[in-house]
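Structural features, examined
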Amino acid sequence: MKTIAWIGLGFMGNPMSKHMMNAGYTVRGVDIDPAACERAAQNGVQICSSVAEACQGVTAVFTMLPTGSEVKEVLAGPNGVFANIDPGTVVIDCSTIGIENARSLHGSARKAGRIFAEAPVSGGTEGAIAATLTFMVGCEDAHVDRVKALLSPLGAYVAHVGGPEAGQAAKVVNNLIMGVCVAVNCEATALAERLGLNLKAFFEIAIRSTADNWTFRVWNPGVGVVPSAPASKDYQAGFKTWLLAKDLTLAMDAGREVGTTIATAEAAHALLQQHMENGGADLDATSLVLSLKTPAVTGVAQKAIA
Ligand code: NAD
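Before going into details, it helps to say that this report is about the structure given with it. Worth saying up front: this structure is predicted, and the values here are computed from it rather than measured.

**Some remarks on the environment of Asn-84**
- Tracing the sequence through the fold places Asn-84 in helix α5 (residues 81–84).
- Taking the C-alpha atoms as reference points, Asn-84 and Ala-52, 32 residues apart in sequence, are found 5.6 Å from one another.
- Those residues in contact with Asn-84, other than ones at most four positions away along the chain, are Ala-52, Cys-55, Gln-56 and Asn-79.
- Polar side-chain contacts of Asn-84 include one of 2.8 Å to the backbone oxygen of Gly-80.

Laid out in structure tokens, this is it:
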């Protein structure tokens, strides 16, 4: 039986590592959060106390961590993955880390003589649980077949976007659209409520109208509108507010690097920032609607757009 290591067993990593076990792999897991380790252990993941221990003799290592800082530490740090694997092991990072961090990691992998692919995902926790994620792979052509085979138990669509950084470029652009949609859906929901609209009735109109979008359908911000959405579960994540704010920052960084204006990302980011200051950082991103109901935050929105 082939063994893999999975580092980062949170909202996404937990169901994804479970699918790898269902596909016949033995999975060794690492996470700094004991509760995440406990949940994964209940699925059958063999919890290890260090990255070095998890990586011994494995076919592949997956990372699903919050940001580029953690991924760089876990992969390229002195006691990290690159220092502890065999040259034939494939390393796949599925986190959303942006273009600059991907560039840095491909450089570190090259220097260490390791096989590395970035493979950020889209589809949310729903897609992770259903194994219907979309993967955006950036890696050298020589590794594409092995990377695709390793990802096949997890997704419905695995795209090799191109060489190093291309996968993160696609993900950054995707999440620019998604993040702005989440913010505008929250704004629209707050406005609809103030106007006295029935949110369920409006949902039925919108999904048949020009307002329709994936986040509105699946992550609707109105309580009870979509029973499976975080809004109907006290806004428990899902996709945390601070992670969405991070993704919009990555889009803003990318825009600056190539000289493209992305003002809607800046406006959405300012709203999320204010919501985090109001205490919403670890709630689902659609909890932004709670802050948007207060006049103070409306002021922030006006300032961001001005
Ligand atoms: P999460 O916070 O639920 O999970 C991240 C896990 O990494 C946590 O369990 C945390 O304890 C662990 N961790 C942090 N630092 C670590 C370290 N140094 N070593 C080991 N473990 C460490 O986040 P998530 O929602 O699973 O998201 C993970 C990544 O996937 C992020 O980059 C996010 O942007 C991206 N993403 C999330 C979604 C979503 O809907 N949640 C969708 C697509 C992509």
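**Considerations on the packing of aromatic side chains**
- For the structure on display, the rule yields six aromatic pairs.
- Both rings, one in Phe-202 and one in Phe-216, keep their centres 6.2 Å apart while their planes meet at 90°; by these two values the pair is edge-to-face. In this pair, Phe-202 is assigned in helix α10 (residues 199–206) and Phe-216 in helix α11 (residues 214–218), connecting sequence segments 14 residues apart.
- On the accessibility criterion, Phe-216 (5% relative accessible area) is buried.

**Details of the site of the ligand**
- Near the ligand, the surroundings consist of 27 residues, among which Met-12, Asp-31, Pro-66, Lys-240 and Lys-246 are the closest.
- The contact in question runs from an oxygen atom of the ligand to an N or O atom on the backbone of Phe-11, over 2.9 Å.
- Within the backbone of Thr-96, an N or O atom sits 3.0 Å from an oxygen atom of the ligand.
- Here the ligand has 830 Å² of accessible area as a free molecule, and 92% of this is covered by the chains.
- Breaking the shell around the ligand down by element, the ones donating at least two residues are α4 (68–76), α7 (124–130) and α12 (241–258).
- Considering only residue class, the shell around the ligand consists of twelve nonpolar, seven polar and eight charged.
- Residue-level mapping places the shell around the ligand at the junction of two domains, with at least three residues from each of domain 1 (3–163) and domain 2 (170–304).

Rules and cut-offs
Residues numbered from 1 in each chain as written. Predicted model: local features only at pLDDT ≥ 70, side-chain atom pairs only at ≥ 80, totals over all residues. Heavy atoms only, no water. Helix = DSSP H or I, 4+ residues; strand = E, 2+ residues; numbered from the N terminus. Contact = heavy atoms within 4.5 Å. Polar contact = N/O pair within 3.5 Å; in protein donor to acceptor, adjacent residues only side chain to side chain. Phe/Tyr/Trp six-rings, centres within 6.5 Å; stacked < 30°, edge-to-face > 60°. Buried < 20%, exposed > 50% of the residue type's maximum accessible area, 1.4 Å probe, protein only. Near = heavy atom within 4 Å. Areas by Shrake-Rupley, 256 points an atom, 1.4 Å probe, with all protein chains shown as cover. Nonpolar A, V, L, I, M, F, W, Y, C, P; charged D, E, K, R; others polar. Domains from an automatic or database assignment.

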